[in-house]
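Residue-level structural notes
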Amino acid sequence: MRERRKISVVVEASEAAHGDSCIQLTDALNSLEHQDYPKELTEIIVITAGSDADTVQKYAEAFPRCRIHFYKDTGYFRVKNYGASLATGEIIALADSDCIYDKGWLKSIDDGIIDENTVSAGLTELDTGTLMSRMCAFYDMHWMLFRVSGKIKRFNSNNVAFPAKLFKETGYDPTFDRFGGCVNLAWRLNRNGVAIIFAEKQHARHNYYGIFR
C-alpha cells in the first residue's frame, strides 16, 4: 500500500458571498481540523477575500495550524487560483467556508486520486433535509447529472481535488468571476483526457440559502 500524500486544502472565505450563511468559516475549519488524516500531511490555506484585518487576525488566532491570507480580489475562481499558488502539497483540495466536511473527506481524496491524471469530485448535499432543499440540490449540484461511460463530466468547486501539478498547470480561467469557471475547467480537463471520478465518500454539507438564491 502506498504512503499517504500531503494535501493542501484551499478554503475560499469571501465575507461578501457567505456572510448570510448558517454555516460559517469557523464550522468549516473545525471540520477540517478534525479529519481522520495525518495532521502532518494536512495543509489548510484560507483566503479571506474581502475581509478586514481584524477578521484575519481573529481566525489566525483561533486556528493557528491554518495559513490565513488576505486577497484583495473577491473573484471566486481567482481566489481559488491564488490559494492554489501557495500550496505545497502533492494534492490540492478545494473547499468553501459555507461547507462542513465529513471527517473522512481527506482520506477519500487521497484514495480517489490514483494518478496524475485523475480528479476526485465529491458528493455535496445542501444542509437541510427538506423537500425544497433536495429539489434545489438537484439543480445546484448539476455536475452529478453529466455522466458518460461512468465518468463525471462536471464538478462543484466547493468539493473537488486535483493532483497539485495538474491544477497549477491548468487552473481556473481568471476571466470568470463567480459563475462558469468550474464548467470551463471541467470541459478543458475532459478535452485533455483527464478522468473526473465521482467519490461519494468525499462528502460535504453546503449551506442552503433558499430557493431564490
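Residues numbered from 1 in each chain as written. Predicted model: local features only at pLDDT ≥ 70, side-chain atom pairs only at ≥ 80, totals over all residues. Heavy atoms only, no water.

Points about the packing of aromatic side chains
As enumerated under the stated definition, the model contains 7 aromatic pairs in all. Both rings, one in Tyr 71 and one in Tyr 82, keep their centres 4.2 Å apart while their planes meet at 5°; by these two values the pair is stacked. In this pair, Tyr 71 sits in strand S3 (residues 67-71) while Tyr 82 sits in helix H4 (residues 76-85), placing the two residues 11 residues apart along the sequence. The exposure class of Tyr 82 is partly exposed, given its relative accessible area of 25%. Their ring planes at 45° and their centres at 4.8 Å tell us that Phe 77 and Tyr 172 sit as a pair that is tilted. You can see Phe 77 sitting in helix H4 and its partner Tyr 172 sitting in the loop between helix H7 (164-170) and helix H8 (181-191), a full 95 residues away along the chain. For Tyr 172, a relative accessible area of 3% corresponds to the buried category. Here the aromatic cluster, defined as three or more aromatic residues joined through ring pairs, consists of Tyr 76, Phe 77, Phe 155, Phe 162, Phe 167 and Tyr 172. Across from the ring centre of Tyr 76, 3.9 Å away, lies the NZ or CZ of Arg 178, which sits over that ring. One Lys or Arg, Arg 178, reaches over the ring of Phe 179 and ends 5.8 Å from the middle of that ring. (Phe/Tyr/Trp six-rings, centres within 6.5 Å; stacked < 30°, edge-to-face > 60°. Helix = DSSP H or I, 4+ residues; strand = E, 2+ residues; numbered from the N terminus. Buried < 20%, exposed > 50% of the residue type's maximum accessible area, 1.4 Å probe, protein only. Lys NZ or Arg CZ within 6 Å of the ring centre and 35° of its normal.)

Some remarks on the environment of Gln 24
Its location among the elements puts Gln 24 in the loop between helix H1 (15-18) and helix H2 (25-33). Sequence-wise, Gln 24 and Cys 99 are 75 residues apart; in three dimensions their C-alpha atoms are separated by 7.8 Å.

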